[in-house]
Amino acid sequence: MRSVVLGVSAGIAVYKACELLRLFTESGHDVRVVPTRDALRFVGEPTWAALSGNPVTTEVWDSVHEVPHVRIGQHADLVVVAPATADVLARAAHGLANDLLTNTLLTARCPVVFAPAMHTEMWEHPATRANVATLRERGSIVVDPAVGRLTGADSGPGRLPDPAEIFEVCRRVLTGRAPDLAGRHVVISAGGTREAIDPVRFIGNRSSGLQGYALARTAVARGAEVTLVSANVALPDPAGAKVVRVETAVDLREAVVSAAAHADAVVMAAAVADFRPSRQSGTKIKKSSAEPDPIHLVKNPDVLAELGEIRREGIAPSPRVIVGFAAETDDVLANGRAKLERKGCDLLVVNQVGENLAFGTPDNAAVVLVAGGDPVEIPRGPKEDLADVVWDLVASRLA
Ligand code: CTP
């Protein structure tokens, strides 16, 4: 049984921490909840005690004979603070120890995850930015807040991510991978583009976005700053990733190329349409016309090839590692090797399509072709495992 400390500080999102606590206890973790004094104004001590099955206190002066201000941190396998207010981030960054939670943060030697939630102005304030940078430099994982509706009518970055997604980050951290992508910015494209025929119809593909989202989740858990360019995906936003939504190949190109200029690595997991209709009907095409007009297609930009070319020609700042994906139905290795070279990427993850693999399934199997190296086989398994192998290869190239 792993010991988890759930630190809770005073924000309206405290109610979501109850669900996070449930996810930990239901998966067999022993959780000690350490709220700040003001957090109890939102959700009271009995709720935390009943849900965790452990005593709850905010002060270092209760049960002093057990030396709680030292013991709780020393015995934890993980400390997660959710929600983390601007005040708690500041106190943690400066090493203050004026309540049980900040004492615990100072004595813990295990991984620490902060899930901040606050108003956008507070999140973007230079003081908070500096505190977050300090905490990250020291090896803590700070999960960027989600963008969306805040306490009142306002919205922006500052929302606590979905508890299930925060839990997923913690679960990954507990499995023991080092935060080897800390300080790195990675861009991931996911899902499948849609090319409009008329206002209600499009040409699309079967990509669910599961592999790209698994790449985003695992990168956050390994400490990366993640920009996820998401094309038509119906999945919850991975906690800590900045999600940019796009629809078409042209939108996706714009989002990926601009984010890539500030990135250490780009992983193109999206299924990008190679062609789009040369013209879109402004109104719904009616079946009353005797013979339907054929749909004439034009070529879309090849984003992966463009990234490779920008880097080769030195046109703009470029990521050090570029990763492509390829779905092949036949001659998998030969086609993959040719594609790796044609697109100028460093790694190409080649999937064999079929046998319930690749599209819309939680499992995947692949071989990663490595420019100037031997291929790496990834046996059938969860898309998260495949993602970790990709990040292992990326991290070793960045090191
Ligand atoms: N890709 C891209 N832009 C496109 C098409 C594909 O950036 N217009 C990227 C995909 O995100 C993926 C890789 O290129 O990482 C390979 O995609 P794939 O469809 O297998 O390659 P194609 O170039 O379309 O080759 P082909 O259709 O000949 O197999």
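Quick caveat: nothing in here was measured; it's all calculated off a predicted structure.

What counts, and at which threshold
- Residues numbered from 1 in each chain as written.
- Predicted model: local features only at pLDDT ≥ 70, side-chain atom pairs only at ≥ 80, totals over all residues.
- Heavy atoms only, no water.
- Helix = DSSP H or I, 4+ residues; strand = E, 2+ residues; numbered from the N terminus.
- Buried < 20%, exposed > 50% of the residue type's maximum accessible area, 1.4 Å probe, protein only.
- Contact = heavy atoms within 4.5 Å.
- Pairing = 2+ DSSP bridges.
- Axes fitted to C-alpha atoms, helices over the stretch in contact; angles between N-to-C directions.

Draft legend 1. Inspection of unusual backbone geometry at higher detail. Residue A82 is joined to P83 through a cis peptide bond whose omega torsion reads -5°. Tracing the chain through its elements places P83 in strand β3 (residues 78-84). Phi is positive for S63, close to 45°, though the residue is something other than glycine. Relative to the assigned elements, S63 resides in the loop between α3 (45-52) and α4 (68-74). Phi at V67 takes a positive value of approximately 45°, unusual for a residue other than glycine. Secondary-structure assignment places V67 in the loop between α3 and α4.

Draft legend 2. A look at the environment of V113. Within the element layout of this structure, V113 appears in strand β4 (residues 112-116). A relative accessible area of 1% means that V113 is categorised as buried. Distance in space between the C-alpha atoms of V113 and V353 is 37 Å, their sequence separation being 240 residues. Apart from the residues within four sequence positions on either side, V113 is in contact with L78, V79, V80, V81, I141, V143 and V173.

Draft legend 3. Looking closely at the sheet that holds strand β8 (residues 185-191). Within the open sheet, the 8 strands sit side by side as β12-β11-β8-β13-β16-β17-β18-β19. Their pairing is mixed. Lying at the two open borders of the sheet, with one neighbouring strand each, are β12 (241-246) and β19 (376-382). Neighbour-to-neighbour, the strand axes of the sheet open up by a mean angle of 20°, direction not taken into account. The pairing of strand β11 (residues 225-231) with β12 spans 6 bridges and is classified as parallel. Bridge pairing in β12 places T227 opposite K242.

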